[in-house]
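Structural characterization, general
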Amino acid sequence: MKKNILILSVLLSSITASAQQMGLKDALGKYFTVGVALSTRVTSDGNAQADELVDRHFNSVVAENCFKGEVVTPREGVYDFNAADSVVRYAEKHHLQLIGHCLIWHSQPPRWMFKNADGSQVSRDELIRRIQNHVRTMVGRYKGKVFGWDVVNEAFEDNGEFRKSPYYNIVGPEYIDIAFRTAQETDPNVELYINDYSLSKPGKRAAVCRLIRHLQQEGIRIDAVGMQSHQGLDYPDLKDYEASIDSFAACGVKVSFTELDINVLPSPQHFNGAGIEQSFEYQKQMNPYANGMPAEVQKKLDKRWLSFFEIYKRHASQIERVTLWGLTDGDSWLNDWPVKGRTNYGLLFDRQYKAKPVVNQIINMFKS
């Protein structure tokens, strides 16, 4: 009996050791690409612990902020590619597929995009010209280096209506066609994506499906939908989440989960969706785990992580990529959004660059 127990113990130890040696990309990579969003603190400054995690677990990378318009082009006709180029070099050095995020977004656009020199609003024709120039510049510069672009980010409200952004208000919904067509013409080989949050909501899902079919009818290529997937312990509804995967795939495109994290902290009153413009006053009761997360909450979080990865495995043939929005808990935007100064635990690696136990459970799920 003791011998059998010893053999079982050795086998279990061997299985655990194997999972620890295997990275997420090794187990999940046969199904889809595994990505991570990185800040320039990692790509520019050099961080051996971060590099080790990236090399072990990921085969794709997206820049968290430095490809965005307000960063890369502070004035019209003036571009600062230093930070963006550092991400390109990092991707090449670490053999990572590079995703460009993002070309057109109502938040963090080039600050000059919608105004003339005298402060008046630009004309429709002028904004179209500026959209085309920006897209051509970015896509052209990184042609052959970027695998795919989030061409338009967050174009819809949760009810399915077009977001009344300056792009929409000045140009109309055609701004999306213009951006996609210009990107396609500039680099015919790069993949093109629409990216948005709350895509499990039926109205938003239907709107994105209509857009996909419209682009296809116009001869404009769209390769995948990015479901941002900023999740919580009790949202989104998993059935709705799966329904969106099936709906987008039925339109003839792949699905990517582009900004995956799980918020474990309480939501402020009137909080809704993942709009970056939301900001709420700090209150102590909204930061309950400043000194560590209780075991029972960690158990709920682990269960939630596994629920999502079970969905990803079940729908693997429809999925192109799963990207975590940040490397460690310490890097996560959730620490400061929508309430600044909180301590959140929304990623798979802790503040000491250690994989949480659920990582091995995910790896084992995809090994079977």
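The text that follows walks through the structure, step by step, so that each part is easy to find. This structure is a prediction, so every number in the text was calculated from the model and none was measured.

Definitions and cut-offs
Residues numbered from 1 in each chain as written. Predicted model: local features only at pLDDT ≥ 70, side-chain atom pairs only at ≥ 80, totals over all residues. Heavy atoms only, no water. Helix = DSSP H or I, 4+ residues; strand = E, 2+ residues; numbered from the N terminus. Rg over C-alpha atoms; globule rule 2.2 N^0.38 Å. Buried < 20%, exposed > 50% of the residue type's maximum accessible area, 1.4 Å probe, protein only. Areas by Shrake-Rupley, 256 points an atom, 1.4 Å probe, with all protein chains shown as cover. Lys, Arg positive; Asp, Glu negative; His and termini not counted. Charge placed at Lys NZ, Arg CZ, Asp CG, Glu CD. Salt bridge = Lys/Arg side-chain N within 4 Å of Asp/Glu carboxyl O. Axes fitted to C-alpha atoms, helices over the stretch in contact; angles between N-to-C directions. Left-handed = near helix turned anticlockwise from the far one by under 90°. Contact = heavy atoms within 4.5 Å. Nonpolar A, V, L, I, M, F, W, Y, C, P; charged D, E, K, R; others polar. Polar contact = N/O pair within 3.5 Å; in protein donor to acceptor, adjacent residues only side chain to side chain. Expected span 1.5 Å × (residues − 1).

Here's the deal with the overall build of the protein
Of regular secondary structure, the protein possesses 13 helices and nine strands. Compactness check: the protein gives a C-alpha radius of gyration of 21 Å against a globular reference of 21 Å for 368 residues, within 12% of the reference. Within the protein, the fraction of its 368 residues that count as buried is 56%. Accessible area for the protein stands at about 16400 Å²; split by element, carbon and sulfur atoms hold 49% of it. With 44 positive and 44 negative side-chain charges, the protein shows a spacing of 5 Å between the two charge centroids.

Quick notes on the pattern of salt bridges
Applying the stated criterion across every chain, the model contains 15 salt bridges. For the salt bridge of Arg124 with Glu174, the shortest nitrogen-to-oxygen distance reads 3.6 Å. One end of the pair, Arg124, is in helix H7 (residues 124-141); the other, Glu174, is in helix H9 (residues 174-186), with 50 residues separating them in the sequence. Look at Arg124 and you get partly exposed, because its relative accessible area is 36%. Between Asp196 and Lys204 there is a salt bridge, with its nearest N and O atoms 3.1 Å apart. In this pair, the class of Asp196 matches that of Lys204, namely buried.

Looking at unusual backbone geometry
His101 connects to Cys102 through a cis peptide bond whose omega is -5°. With omega at -5°, the peptide bond leading from Trp337 into Pro338 counts as cis. If you trace the backbone, Pro338 turns up in the loop between strand E9 (319-324) and helix H13 (357-367). The phi dihedral of Glu154 falls on the positive side, at around 60°, and the residue is not glycine. Mapped onto the fold, Glu154 is located in the loop between strand E4 (148-153) and helix H8 (166-171). Given a relative accessible area of 5%, Glu154 falls into the buried group.

Examining the packing of H7 against H9
Helix packing for two helices is described by the angle between their axes and how far apart those axes are. For the pair H7 and H9, the least separation of the axes is 9 Å and the interaxial angle reads 35°. Classified by chirality, the crossing of H9 by H7 is right-handed. In this structure, H7 uses Arg124, Ile128, Ile131, Gln132, Val135, Arg136, Val139 and Gly140 to contact H9, whose residues at the interface are Glu174, Tyr175, Ile178, Ala179, Thr182, Ala183 and Thr186. In terms of residue class, the contact of H7 with H9 is built from eight nonpolar, four polar and three charged.

Description of the environment of Thr258
Its place among the elements puts Thr258 in strand E8 (residues 254-263). Overall, Thr258 belongs to the buried group, its relative accessible area being 4%. The spacing of Thr258 and Ala155 is 103 residues in sequence and 16 Å in space, taken between C-alpha atoms. Once residues lying within four places of it in the same chain are set aside, the contact partners of Thr258 are Asn195, Gly226, Met227, Gln228, Arg321, Thr323 and Trp325. Polar contacts involving the side chain of Thr258 include one to the side chain of Asn195, which spans 2.7 Å.

Thoughts on helix H10 (residues 202-217)
Along its 16 residues, H10 runs 23 Å from first to last C-alpha, staying within 8% of the 22 Å computed at 1.5 Å per residue. Taken together, the buried positions of H10 are Lys204, Arg205, Ala207, Val208, Cys209, Leu211, Ile212 and Leu215. Packed against the buried residues of H10 are H9, strand E5 (191-196), strand E6 (224-227) and helix H11 (238-250). Immediately beyond the C-terminal end of H10, within one or two residues, lies Gly219, with a positive phi of roughly 75°.

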